[in-house]
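Chain by chain, the residues run as shown.
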Amino acid sequence: MPLFEAIDRLPVAAEHREGYKRGLYKHWNKGLNAGDGCDTRKGVILAEAVEAPQVAAGCKLTGGSWRSAYDNVVVTDAARLDVDHFVPLAEVYDSEQTPWSAARGRRTRTTRTARTP
């Protein structure tokens, strides 16, 4: 299906702001392996490395490299990376037909990608 036809098929509805509170959603969870010290942010950074960094105790990252999909910039210091949502949580919540449960919010936030700030 052509892109513009697919866009035309998207339903249009009023957004609702009631019920969304950012504080209800933890910013970072403990990641896929809670015992390794790598939260979701570090997990994304590790997963998207072009050259894998060394991982020390507490998930301290050294070395490695990353290439930005947005501007093709290569970053060699993980501390310079930012992990963010493609679409802000409040916008997604407002655009939904029905309010999220806390569990759905947690599942949605696990899809993240790294970018240079």
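See the structure above.
None of these values were measured; they are calculated from a predicted model.

Chemist: Hey, could you go over the overall build of the protein chain for me, with residue numbers and the actual values?
Modeler: When helices and strands are tallied, the protein chain shows four helices and six strands. The order of α-helices and β-strands along the protein chain, N terminus first, is α-α-β-β-β-β-β-α-α-β. Across the 117 residues that make up the protein chain, the buried fraction comes to 26%. Of the roughly 8,200 Å² of accessible surface on the protein chain, a fraction of 55% belongs to carbon and sulfur atoms.

Chemist: Go over the environment of G35 with me, naming the residues and quoting the values.
Modeler: You can see G35 is positioned in the loop between α1 (3-9) and α2 (40-47). Residues G35 and G58, 23 residues apart in the sequence, show an inter-C-alpha distance of 9.4 Å.

Definitions and limits used
Residues numbered from 1 in each chain as written. Predicted model: local features only at pLDDT ≥ 70, side-chain atom pairs only at ≥ 80, totals over all residues. Heavy atoms only, no water. Helix = DSSP H or I, 4+ residues; strand = E, 2+ residues; numbered from the N terminus. Buried < 20%, exposed > 50% of the residue type's maximum accessible area, 1.4 Å probe, protein only. Areas by Shrake-Rupley, 256 points an atom, 1.4 Å probe, with all protein chains shown as cover.

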